[in-house]
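# Per-entry structural report
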Amino acid sequence: MALSNDIVLRPRFKIEIPQYNEVILSDFKNAKTTQSDFIVSVIDEHVFIKFPKAKQTYWSPQLHLEINAIDENSSRIYGLFGPSPTVWTLFMFLHFLVASIFIGFGIWAYSNWSLEQDYAIQFSIVLFMIIIWIALYFAGSIGKASSIKEMHLLNDFMYEVLKKEKP
């Protein structure tokens, strides 16, 4: 079952190209030196495309490409749009923190409930963590929505380097 990109925070795609992966990687290495609109990093079979620091905002996306050879005449490109690793790590840390507090206070509330003691404070914090989770989700969605134009620029640049028509 395919998920719509409307509910996915980090959109992914897959493309098959009738070129060997080393040729594609060298095209990205050449693009690194011939333009200044994007920062292109090539490490092994991975290509990272992002905006220069002067053009970046907090929500600026980056494009990660993994270019795998299928055979000597074709390659498969796996792409992932996402926030900078710093922003992603912060969001994952906040989710882990909220989950830990949720579980801890949920256990405490259940213990107090089963011992027939007051559990209103613990239950309130559990509900508050649910609200924080929802807020984190919407913050990520707003960040993604605010960077759609930048994602299109990254995508257009990728297709320009690949010398391929967009689908």
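Residues numbered from 1 in each chain as written. Predicted model: local features only at pLDDT ≥ 70, side-chain atom pairs only at ≥ 80, totals over all residues. Heavy atoms only, no water.

Moving on, we get to the sheet that holds strand β3 (residues 46-50). One key point about sheets: their strands pair by backbone hydrogen bonds, in either a parallel or an antiparallel sense. One open sheet holds the five strands; their spatial order is β1-β5-β4-β3-β2, and the pairing between them is antiparallel. Edge positions in the sheet fall to β1 (12-17) and β2 (39-43), since each has one partner strand and no second. Taking the axes of each pair of neighbouring strands and ignoring which way they run, one obtains an average angle of 20° across the sheet. With 10 bridges joining them, strand β4 (residues 61-71) and strand β5 (residues 74-83) adopt antiparallel strand pairing. Paired with histidine 64 across the bridge in β5 is leucine 80. (Pairing = 2+ DSSP bridges. Helix = DSSP H or I, 4+ residues; strand = E, 2+ residues; numbered from the N terminus. Axes fitted to C-alpha atoms, helices over the stretch in contact; angles between N-to-C directions.)

Per the stated rule, a full pass over the model turns up three salt bridges. Residue glutamate 16 is joined to arginine 76 by a salt bridge in which the shortest nitrogen-to-oxygen separation is 2.8 Å. Of this pair, glutamate 16 sits in strand β1 while arginine 76 is found in strand β5, placing the two residues 60 residues apart along the sequence. Residue classification places glutamate 16 among the partly exposed positions, given a relative accessible area of 49%. The salt bridge involving aspartate 27 is made with lysine 163; its shortest N-O contact spans 3.7 Å. Of this pair, aspartate 27 sits in helix α1 (residues 21-34) while lysine 163 sits in the segment after α4 (148-162), and the two are 136 residues apart along the sequence. Judged by its relative accessible area of 16%, aspartate 27 falls in the buried class. For lysine 163, a relative accessible area of 66% translates into the label exposed. (Salt bridge = Lys/Arg side-chain N within 4 Å of Asp/Glu carboxyl O. Buried < 20%, exposed > 50% of the residue type's maximum accessible area, 1.4 Å probe, protein only.)

Now for a nonpolar patch on the surface. Side chains of Tyr110, Trp113, Tyr119, Phe123, Leu127, Ile130, Ile134, Tyr137, Phe138 and Ile142 sit close together on the surface and give an oily, nonpolar patch of about 1000 Å² of accessible area. Among the secondary structure elements, those contributing two or more residues to the nonpolar patch are α2 (85-114) and α3 (120-146). Counting residues per element, the nonpolar patch draws most heavily on α3, which supplies seven residues. Turning to its location among the elements, leucine 127 is positioned in helix α3. Take leucine 127: its relative accessible area is 41%, and that puts it in the partly exposed class. (Patch = residues over 30% accessible without salt bridge, like charges linked within 9 Å, V, L, I, M, F, W, Y side chains within 5 Å. Areas by Shrake-Rupley, 256 points an atom, 1.4 Å probe, with all protein chains shown as cover.)

Our next topic: the nonpolar core. Formed by 25 residues in total, the largest nonpolar core has its most connected members in Phe28, Val47, Ile49, Leu63, Leu65, Ile77 and Met158. Put simply, the parts of the chain that give this core at least two residues each are β1, α1, β2, β3, β4, β5 and α4. Here this core takes seven residues from α4, the largest share from any one element. (Core = buried A, V, L, I, M, F, W, Y, C linked by side-chain atoms within 4.5 Å.)

Another point: the pairing of β3. Residues Val47 and Ile49 line the buried face of β3, whereas the alternating positions His46, Phe48 and Lys50 sit on a face that is not buried. Summarising the sheet, β2 and β3 pair through five bridges and their orientation is antiparallel. What sits directly across from serine 41, in β3, is phenylalanine 48. Once β2 ends, the chain turns through two residues before running back antiparallel as β3, passing aspartate 44 with a positive phi of about 55°. For β3 and β4, the ladder comprises four bridges, and the chain directions are antiparallel. Following the sheet pairing, histidine 46 is matched in β4 by glutamate 66.

Further remarks concern α2. In a regular helix each residue adds 1.5 Å, so 30 residues correspond to 44 Å; α2 covers 43 Å between its end C-alpha atoms and thus fits that length. Packing partners of the buried residues in α2 comprise β5 and α3. Once α2 ends, the next one or two residues include glutamate 116, with phi positive near 55°. (Expected span 1.5 Å × (residues − 1). Contact = heavy atoms within 4.5 Å.)

From the geometry alone we can't say anything about function, so treat these as descriptive.
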